[in-house]
Amino acid sequence: AALGCADATPGRGPIPHGNGESLPGVGVGTVNVFDVGASPAEQAGPTAVVKLVAAGVGRLVDTAPSYGHAESVVGDILQATALRPNMVIATKLER
């Protein structure tokens, strides 16, 4: 199977990673769409996206400091929905 996954269909199996953990094969990017304000109304769209990803095959949220407010919005959403333990957060280190 590709990448050591039981199911070689792209996005259908975990990606093996260090410590015996696995990374999800599917996730959501946050550039532009998650660069919104702090109010629940402004975060409604991104919240719906995170809930859909968490309910489906994805658990990965990709973000970066250069994505405006996206990182803090992801934090707000994960705290408000209690989904943080179920998700893998990827960010970038920037200088």
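Just so it is clear, the model here is predicted, and its values are computed rather than measured.

Attention now moves to the pattern of salt bridges. Within the structure shown, the criterion is met by one salt bridge. Among the salt bridges present, the one from Lys 92 reaches Asp 62, with a minimum N-O distance of 2.5 Å. Residue Lys 92 is located in the segment after strand S5 (88–90), and its partner Asp 62 is located in strand S4 (residues 60–62); the two are separated by 30 residues in the primary sequence. Overall, the relative accessible area of 30% leaves Lys 92 in the partly exposed class.

Keep in mind that low pLDDT regions are not for reading the predicted coordinates in detail. Per-residue pLDDT for the protein chain has a mean of 83; in total, 81% of the residues score no lower than 70. Across the protein chain, the secondary-structure element scoring lowest on mean pLDDT is strand S1 (residues 15–16), at 67, and the one scoring highest is helix H2 (residues 70–81), at 96. Contacts of residues 1–8 to residues separated by more than four positions or lying in other chains number 10 contacts, the stretch itself having pLDDT below 50.

Here the phi dihedral of Asn 32 falls at roughly 65 degrees; this positive angle occurs in a residue that is not glycine. Relative accessible area serves as the criterion here: at 61%, Asn 32 is assigned to the exposed category. In this model, Ala 82 sits at a positive phi of 60 degrees, which is unusual for a non-glycine residue. Locating Ala 82 in the fold gives a position in the loop between H2 and S5.

As a further point, take the sheet that holds S5. If you walk across this open sheet you meet the three strands as S3-S4-S5, and the pairing is parallel. Looking at the sheet topology across the chains shown, the edges are occupied by strand S3 (27–29) and S5. Neighbour-to-neighbour, the strand axes of the sheet open up by a mean angle of 15 degrees, direction not taken into account. As paired elements, S3 and S4 share three bridges and run parallel to each other. Bridging across to S4, Val 28 finds its partner in Val 61.

Basis of the calculations
Residues numbered from 1 in each chain as written. Predicted model: local features only at pLDDT ≥ 70, side-chain atom pairs only at ≥ 80, totals over all residues. Heavy atoms only, no water. Salt bridge = Lys/Arg side-chain N within 4 Å of Asp/Glu carboxyl O. Helix = DSSP H or I, 4+ residues; strand = E, 2+ residues; numbered from the N terminus. Buried < 20%, exposed > 50% of the residue type's maximum accessible area, 1.4 Å probe, protein only. pLDDT = per-residue confidence, 0-100. Contact = heavy atoms within 4.5 Å. Pairing = 2+ DSSP bridges. Axes fitted to C-alpha atoms, helices over the stretch in contact; angles between N-to-C directions.

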